[in-house]
Amino acid sequence: MFERAKLGLALGAGGARGLAHIGALKALERAGVRISFLAGSSIGAVIGAAYAASGNAAELERRLADFMTTDLLARAGLPKLRQALGCQPETLSQRLETWLKKAYFQARIVTRTAVLDSETFKGMIEYFIPQVNIQDLPIPFRAVGTDIKSGRAVIFSRGPLRDAVYASAAIPGVVNPLPVKDMLVVDGGVINMVPVLPLRHMGADTVLAVDVQKTIAGENNYNSAMDLFFRVEEVQSYYLKELQLRRADLVLRPQVGHIHWSEFERTTEMIRLGRDETVRRLDSIQDLAGRRKRPWWWLASAPPAPARDWIEV
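Residues numbered from 1 in each chain as written. Predicted model: local features only at pLDDT ≥ 70, side-chain atom pairs only at ≥ 80, totals over all residues. Heavy atoms only, no water.

### Regarding the pairing of strand β3 (residues 141–147)
Reasoning step 1: Of all the 7 residues making up β3, 7 are buried; the element is thus mostly covered by neighbouring parts of the structure.
Reasoning step 2: Residues Phe141, Ala143, Gly145 and Asp147 point to one face of β3 and Arg142, Val144 and Thr146 to the other, with burial holding for every one of them.
Reasoning step 3: As paired elements, strand β2 (residues 37–41) and β3 share 4 bridges and run parallel to each other. When the bridges of β3 are listed, Leu38 appears paired with Phe141.
Reasoning step 4: Across 4 bridges, the pairing between β3 and strand β4 (residues 153–156) is antiparallel. Looking across to β4, one finds that Val144 is bridged to Ile155.
Reasoning step 5: Adjacent in sequence and paired antiparallel, β3 and β4 are bridged by 5 residues, among which Gly151 carries a positive phi angle near 80°. (Buried < 20%, exposed > 50% of the residue type's maximum accessible area, 1.4 Å probe, protein only. Helix = DSSP H or I, 4+ residues; strand = E, 2+ residues; numbered from the N terminus. Pairing = 2+ DSSP bridges.)

The following block contains the structure:
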């Protein structure tokens, strides 16, 4: 009687943990779930853009496997950054090495706007993202960034796909911002970890969100003012994200919280965890995808449009 509701898929930020999105996409493909709209923040924008261009999760996985054999990851220096800022050294020599690396990266952070060279980062983006315009993609797609001048979200709906993905994945302090008109755009995950509302404005009747962030549980090991500063930021980000996720119809949470955001070498594990979570929730997903759209006159009145507070470019 009524047409099928259009399903939007929101892919969240989370660094390397976002590779679980590939597993989710593979499981959705195998189950025959049709995606009408895609939106992504940070790594979610990288995976979402690549999938919107190809519509083939297996090809994206193969591309990722090939990427891991190149020198791009090593040139980016992410493993060294993780060792300096994220691991727990055990031996005296490891502690000394970590201290030296931390001092090196801290010196770069205070003397430069970014740790990672922009050309290296562009090379990584170009490896996965074709040179096309967003409006020409087979699956309608939006990348989400943050304008650090105005503090507002930026939604990329037109123009070069590679530029949009670069901006959305530009982690502050790690990658230089992208100048766009009179804005400076950085990582979309700063204020929009999982972009649900942009999908509603694209025309999605139902939204499936994939959240790859860690849980809020802390380690109770805050030995410095810097530790406390980052913990407060983490708590704020978590609760902002949870408020946004309330606008989704269903949220998938792959169990990837134990993985550091820079551990890209754990691709197989993360893809498996994304697939497992999707398969586990498959009945609910198929129910969501199979819903029928009710026209506004079926209700007492037309539903109000969701609030819109972003800059669209």
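From this point on, the discussion continues.
### Focus on the side chain of Lys241
Reasoning step 1: Among the secondary structure elements, Lys241 is positioned in helix α10 (residues 225–245).
Reasoning step 2: Overall, Lys241 belongs to the buried group, its relative accessible area being 2%.
Reasoning step 3: A polar contact of 3.4 Å, which involves the side chain of Lys241, links it to the side chain of Glu242.
Reasoning step 4: Beyond its immediate sequence surroundings of up to four residues, Lys241 is in contact with Met193, Val194, Asp211, Gln213, Lys214 and Arg253. (Polar contact = N/O pair within 3.5 Å; in protein donor to acceptor, adjacent residues only side chain to side chain. Contact = heavy atoms within 4.5 Å.)

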